[in-house]
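The residues making up each chain are set out below.
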Amino acid sequence: MVSIRNLKKSYKQFPVLRGLNMDINDGDVYGFLGRNGCGKTTTMNIIANVIPKDEGDIKLGDGERKIKIGYLPESPTIFGYMTAREYLEYIAACAGYESDISKRTDEVLEIVGLRDAADRRTKGFSRGMTQRLGMGAAIFRNPELLIFDEPTSALDPQGRVEVINIINRLKAMGCTIVLSTHILSDVERVANRIGIMNGGVLAEEGEIGAIMRKHGGDIVNVKVRNLTQESKIVLLKADFARAEFDNETGLFRFGTDNVEDTAKRLMRLLADNDIIAESFNIGTATLEEVFRKVVG
């Protein structure tokens with residue numbers, strides 16, 4: 001659906017994109033991740049033709065025809081004097097929608113869960129309702145590519161659930177979605193592929209499971225009672241797992257590709273060195289942990 005090669009963009013003398021290569025497949029929910037200021041919004045604006053690129057090639061679809069793109073900015077502008085229905089009909093008119101506007105408006109209101117609020121003035125909408133109406137505007141023309149910039153930003157837990165449910169519904173309908181967000185647990189719930197920006201390029205891109213296994217994998221967590229410097233050295237020098245110590249939690253974390261073998265060897269190591277474990281459990285690395293490793 002999207003193929004980007006050597007994309008570059010600078011603002012005055014400051015380079016934001018330094019040769020970005022990126023691939024989004026048809027039907028992907030693509031989690032687009034990175035720190036603030038790393039170039040995510042710039043990239044999405046270039047894809048949507050909101051701003052020009054400096055250099056590079058972008059191929060959308062088969063490259064032979066223009067594709068329809070739906071774009072939800074981080075803070076969509078909604079006219080408070082309009083009802084939800086009037087706003088979507090206004091969007092349809094601006095976009096030159098040629099089919100039955102009334103029918104499509106009802107369909108969109110149903111998809112984004114605003115059917116019961118269709119005739120309410122949007123001035124009284126919550127942040128979550130406003131965000132869902134913005135999503136409705138983005139999907140109105142049945143675009144082939146959807147770009148959502150921080151759709152769950154500043155929402156309460158219920159609002160986030162509602163937005164994620166809409167994304168899952170669009171995913172089931174076969175939509176291709178680029179999802180940029182700092183709430184990485186939301187990405188884990190809906191994305192099948194991710195790209196992690198760092199330094200104006202993609203530091204990682206691929207199937208979310210493969211990237212999680214590469215940088216995280218399974219984790220054995222150990223907390224030691226009466227920790228000493230000697231016992232800390234013993235555990236951190238274990239040569240059968242990737243060991244690190246979290247000063248805040250007091251946890252030793254052992255990354256491994258063979259969790260059963262690592263757990264057994266850790267138990268022997270603790271016993272052989274008279275180290276008493278206060279807690280010992282097996283878990284899986286989170287996307288947040290993987291993200292921190294990739295971007296440093």
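Residues numbered from 1 in each chain as written. Predicted model: local features only at pLDDT ≥ 70, side-chain atom pairs only at ≥ 80, totals over all residues. Heavy atoms only, no water.

Looking now at the side chain of Glu-150. With respect to the helices and strands, the residue Glu-150 is situated in the loop between β6 (145-149) and α5 (157-172). Buried within the structure, Glu-150 lacks any salt-bridge partner; Lys-40 is the closest side chain of opposite charge, at an N-O distance of 5.3 Å. Within the local environment of Glu-150, its side chain forms a polar contact with the side chain of His-182, the two groups lying 2.6 Å apart. With residues up to four places along the chain from it excluded, the contact list for Glu-150 reads Glu-74, Gln-131, Ser-180, Thr-181 and His-182. (Helix = DSSP H or I, 4+ residues; strand = E, 2+ residues; numbered from the N terminus. Buried < 20%, exposed > 50% of the residue type's maximum accessible area, 1.4 Å probe, protein only. Lys, Arg positive; Asp, Glu negative; His and termini not counted. Salt bridge = Lys/Arg side-chain N within 4 Å of Asp/Glu carboxyl O. Polar contact = N/O pair within 3.5 Å; in protein donor to acceptor, adjacent residues only side chain to side chain. Contact = heavy atoms within 4.5 Å.)

Read across the sheet, four strands follow the order β11-β12-β10-β13 without closing on themselves; strand pairing throughout is antiparallel. Lying at the two open borders of the sheet, with one neighbouring strand each, are β11 (242-246) and β13 (277-284). With strand direction ignored, the average angle separating the axes of adjacent strands in the sheet is 20 degrees. Taken together, the six bridges between strand β10 (residues 218-224) and strand β12 (residues 251-256) define a ladder with antiparallel strand orientation. Bridge pairing links Asp-218 to Thr-256 in β12. (Pairing = 2+ DSSP bridges. Axes fitted to C-alpha atoms, helices over the stretch in contact; angles between N-to-C directions.)

Turning our attention to the nonpolar core. Within the largest apolar cluster, 51 residues are counted, with the highest numbers of intra-cluster contacts made by Phe-148, Ile-167, Leu-170, Ile-194 and Leu-287. Among the elements that make up this core, the one with the highest residue count is helix α4 (residues 127-139) (six residues). When residues no more than four places from it in sequence are discounted, the contact partners of Leu-170 are Ile-111, Ile-139, Leu-146, Phe-148, Cys-175 and Ile-177. Core analysis: the next-biggest nonpolar cluster, separate from the first, contains 22 residues, Leu-17, Met-22, Cys-38 and Ile-67 among them. (Core = buried A, V, L, I, M, F, W, Y, C linked by side-chain atoms within 4.5 Å.)

This brings us to the packing of aromatic side chains. Inspection of every chain in the model, using the stated rule, returns seven aromatic pairs. Relative to Phe-252, the ring of Phe-245 has its centre 4.7 Å away and its plane inclined at 45 degrees; by these criteria the two rings are tilted. By the ring-pair criterion, three or more aromatic residues cluster together here, those being Phe-79, Tyr-81, Tyr-87 and Tyr-90. (Phe/Tyr/Trp six-rings, centres within 6.5 Å; stacked < 30°, edge-to-face > 60°.)

So, about the pairing of strand β2 (residues 14-24). Where strand β1 (residues 2-11) lies against β2, eight bridges are found, and the strand directions are antiparallel. Its bridge partner being in β2, Ser-10 is matched across the sheet by Pro-15. Where β1 folds back onto β2 in an antiparallel hairpin, the turn is made up of two residues, including Lys-12, whose phi is positive at roughly 55 degrees.

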